[in-house]
Structure formats: structure tokens, C-alpha cells
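For reference, the chains in residue letters:
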Amino acid sequence: MEPITITRAPVLKEKPQDESKLGFGRIFTDHMFLMNYEEGRGWFNPRIVPYQDFHMDPASVVLHYGQAIFEGTKCYRREDGGIQLFRPEQNLARMTRSAQRMCMPALDEETALEGIRELVLLDQDWVPHSPGTSLYIRPTMISQDIHLGVHASRTYLFFVIMSPVGSYYKDGLKPVGIYVEDNYVRAVRGGTGFTKCAGNYAASILAGDIAEKKGYSQVLWLDGVEQKYIEEVGSMNMLFAYGNRIVTPMLNGSILPGITRDSILILARQLGYEVEEKRMAIADVFDDIRSGALTEAFGSGTAAVISPVGELCWGDQVLTINNGEIGPVASRLYETLTGIQYGRIEDTNHWIIKLT
Ligand code: COI
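(A) Spotlight on the overall build of the protein. Counting secondary structure elements, the protein contains eight helices and 17 strands. Its C-alpha atoms give the protein a radius of gyration of 21 Å, near enough to 21 Å, the size a compact globule of 356 residues would have. Oriented by its inertia axes, the alpha-carbon framework of the protein measures out at about 60 × 50 × 35 Å. The contacts in the protein between residues at least 6 apart in sequence include a share of 72% that link residues at least 24 apart. Distance from the positive charge centre (34 side chains) to the negative charge centre (44 side chains) of the protein: 0 Å.

(B) Structural view of the site of the ligand. The full set of residues close to the ligand is Phe-24, Phe-70, Gly-72, Tyr-136, Arg-138, Tyr-168, Lys-196, Tyr-201, Ser-235, Thr-302 and Ala-303. Between the ligand and the protein, one listed contact pairs an oxygen atom with a backbone N or O atom of Thr-302 at 3.3 Å. The backbone of Ala-303 places a nitrogen or oxygen atom 2.8 Å from an oxygen atom of the ligand. Here the shell around the ligand is composed, by residue class, of six nonpolar, three polar and two charged. Here the shell around the ligand spans two domains, since at least three of its residues come from each of domain 1 (5-165) and domain 2 (176-341).

(C) Looking closely at a nonpolar patch on the surface. A cluster of nonpolar side chains, contributed by Phe-54, Met-56 and Leu-63, occupies part of the molecular surface with about 270 Å² of accessible area. Mapped onto the fold, Met-56 is located in the loop between β3 (42-50) and α1 (61-65).

(D) Quick look at helix α2 (residues 88-101). Between its first and last C-alpha atoms α2 spans 21 Å; for 14 residues at 1.5 Å apiece the expected length is 20 Å, and the two agree. Buried within α2 we find Pro-88, Asn-91, Leu-92, Arg-94, Met-95, Thr-96, Ser-98 and Ala-99. Where α2 ends, the next residue or the one after it, Cys-103, has phi of about 60 degrees, a positive value.

(E) Here's a closer look at the environment of Thr-338. When you line up the elements, Thr-338 lands in helix α8 (residues 328-341). By relative accessible area, Thr-338 is classed as buried at 4%. Here the alpha-carbon distance between Thr-338 and Leu-119, two residues 219 residues apart in the chain, equals 23 Å. The contacts of Thr-338, once residues within four sequence positions are left out, are Val-305 and Arg-344. In terms of polar contacts, Thr-338 uses its side chain to reach the side chain of Arg-344, at 3.4 Å.

(F) Spotlight on the nonpolar core. Counting 33 residues, the largest nonpolar core has Leu-107, Val-120 and Phe-158 as its most contacted members. Listing elements by their share of this core, those giving two or more residues are β2 (31-38), β3, β6 (83-86), α2, α3 (109-122), β7 (134-143) and β8 (155-165). Broken down by element, this core gets its largest block of residues, five residues, from α3. Setting aside its immediate chain neighbours within four residues, Leu-107 contacts Met-35, Trp-43, Leu-92, Met-95, Thr-96, Ala-112, Met-141 and Phe-158. Phe-286, Ala-304, Trp-314 and Leu-319 belong to the second-largest nonpolar core, a separate cluster that totals 26 residues.

(G) Local environment of α3. Helix length check: α3 (14 residues) gives 20 Å between terminal C-alpha atoms against 20 Å at 1.5 Å per residue, within 8%. Residues of α3 that are buried: Thr-111, Ala-112, Leu-113, Gly-115, Ile-116, Leu-119 and Val-120.

So, how was this worked out
Residues numbered from 1 in each chain as written. Predicted model: local features only at pLDDT ≥ 70, side-chain atom pairs only at ≥ 80, totals over all residues. Heavy atoms only, no water. Helix = DSSP H or I, 4+ residues; strand = E, 2+ residues; numbered from the N terminus. Rg over C-alpha atoms; globule rule 2.2 N^0.38 Å. Contact = heavy atoms within 4.5 Å. Lys, Arg positive; Asp, Glu negative; His and termini not counted. Charge placed at Lys NZ, Arg CZ, Asp CG, Glu CD. Near = heavy atom within 4 Å. Polar contact = N/O pair within 3.5 Å; in protein donor to acceptor, adjacent residues only side chain to side chain. Nonpolar A, V, L, I, M, F, W, Y, C, P; charged D, E, K, R; others polar. Domains from an automatic or database assignment. Patch = residues over 30% accessible without salt bridge, like charges linked within 9 Å, V, L, I, M, F, W, Y side chains within 5 Å. Areas by Shrake-Rupley, 256 points an atom, 1.4 Å probe, with all protein chains shown as cover. Salt bridge = Lys/Arg side-chain N within 4 Å of Asp/Glu carboxyl O. Expected span 1.5 Å × (residues − 1). Buried < 20%, exposed > 50% of the residue type's maximum accessible area, 1.4 Å probe, protein only. Core = buried A, V, L, I, M, F, W, Y, C linked by side-chain atoms within 4.5 Å.

Laid out in C-alpha cells, this is it:
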């Protein structure tokens, strides 16, 4: 592994005073990690430098054809003041899978992980202390060739920036309302749905905007073929509780294989819940809410953690779930997952990397 060089920022930024106002992804730390790729040479020049603007040629491929992929992982502060990462190697492995679909090079995951460790250690004072806050880490890979032909690039840039964050939704753990999108679709089988490519998120913004204007926090996407089956919420995977049985849409190539989703399914089984991954028709879910068989709905994601869903709107049907309150299954999974992430609960699955 090529050694990582470090250039420190001559002046450090002021850190946010009021951690209750952090929100999500608006403030960035003092440094960032970069490394370059060239065909025939591989990844080279891993470096930490002061957080700064990029200079880009207006003909850079990424600006025209969106060859860009990203990840989201977090660093948590324990009660004893130490800091730790949660399964970051899973994010880097997923980035390599996204890269393959987008005709981008496999990441040098070992150097990327070392870069993240060193970057977080250098900017460790930015990991916030208040309950529910964390340092969000955003690894990103973009193509850098300068041409307008629609071809794979020969050059790429990998970079990592970091942002101290509070909760993704402004009301924290309060259940959100979700709008079931039955016009636009997010992904189709054979497409890029299972990747974290920028285009998936770009294509979701219009539907998200329409849902927000109707008073909903996010959209729930249905499958791109029949628009009958539940996929995901763009920034979250969806899970449903039927008493002590947890059901979630199975991974089918158009859903993001969430690392929080995977962790929750493992924890749920360990806690004694029954877990089922299957194709879930939206009509059945609405029937099950009406009959009372479906007791809770919640989303999972790195940014969103576990986010209860209190209301679902599908066409002219609007249903409330669990009286619009967080239920016992989501609460228990939230306490267990965040307990491990913040070091309050023993990490028997070996998911944590302690940095200090
Ligand atoms: C994450 O949960 O880390 C995500 O990437 C979702 C997001 C687009 C904010």
C-alpha cells in the first residue's frame, strides 16, 4: 500500500457550537482524503489535504454523463469519549460493486479504509458528542476524463469528505409520512438500482419534491415493471412488522442492499424475531394495515438510522400506522443498533472498528 501523505490545514474552521442544530450534511470538516486512478497504473497518490474546492474542466465526463458513485458511513462517539466506525469495509465493498456496474475501476479498498481511518483521526474533534449525533463520512468516486464521447474514462478520482450530523429528518425519531409513488419509477431490473450511483438520486428528486409539497417526507418507490411491489424509499430500505415477524422486500437487483438493512436483519434474528425477505405487493400491505395484521413500518439507512413511518399515502388512500407512533419493534431495534454503534451494547458481531 502506498503511504498516505498528510498536508494539514494552516487554519482550522470553527466547529459548530450548538449540536442540536446540526441537521444533515451542511457543515464540512477541515480535511479530505483523495486518491487518483489511471488506467494501466491503478490507484495512486493517496493523500489528506485541507478541505477545498475542486478545479474541473467543463468537459469532464462526470459533469455530462454522471459517472459518479458514493457511499455513506458514520463515526460515532462513545460515552467514554472514544470514537468508532461501524462496518465501513461493507461500504467500500459495495462501492466496488457499484463501480463495476458503472464501468468504473474497483476501489483499492484497503487504502480507502486506511484513508478514512487517518482522516477521521485527524479531524476527530469534529465527531459530535450529543446523543443521536455522529460524523457522516461520504466516500465518492467520479470519472475525470475530458471528452464528450460516451465511453468509460481512463482517469478517476476517489475522495472522502466528512460532515457532523444530527438526524436526517428534522423531527428525529418522530414517525414520518411517506407518499407511495405510482407514476415515476426509480429503477428497473438490469438497471442501476442496486448501486449508489448519483443518477439514481438525481432521478428521484422530482418525485421527492412533489411528495414534499403534499406534506410527505419521502416517496416509497414501487417496482419499475408493474408498479405493484414495494422497493425502497431512496434514502432508506423499508421494513414492516407483523407482531414479532419482520418482513422486508427481498433484494432483486433494483433495491439498494443497505448495510443498515443487513445489520437490522441480523440483529432481529438474534433478538428472536422471525425475519422474512420477500416480494411485497403494496395492495397487500394496505390490506394488512387496515386489518391490523401489519403493526409497524419503518425505514433503515445510514443517514436515517431507523425511521418509523406513521402514515402511508397511496393514490386516494391514506392510512395511519400504529397511531402515528413509534412501535415496540422499531424502538427495540433502534436501541440495539444505536447501542452497538455508540458502544453502549457489546458488539458480538465484530462490526465496530475502534479508532480511539
Ligand atoms: C445514507 O444513508 O448514507 C445515504 O446515502 C442516503 C442519502 C442519500 C442521504
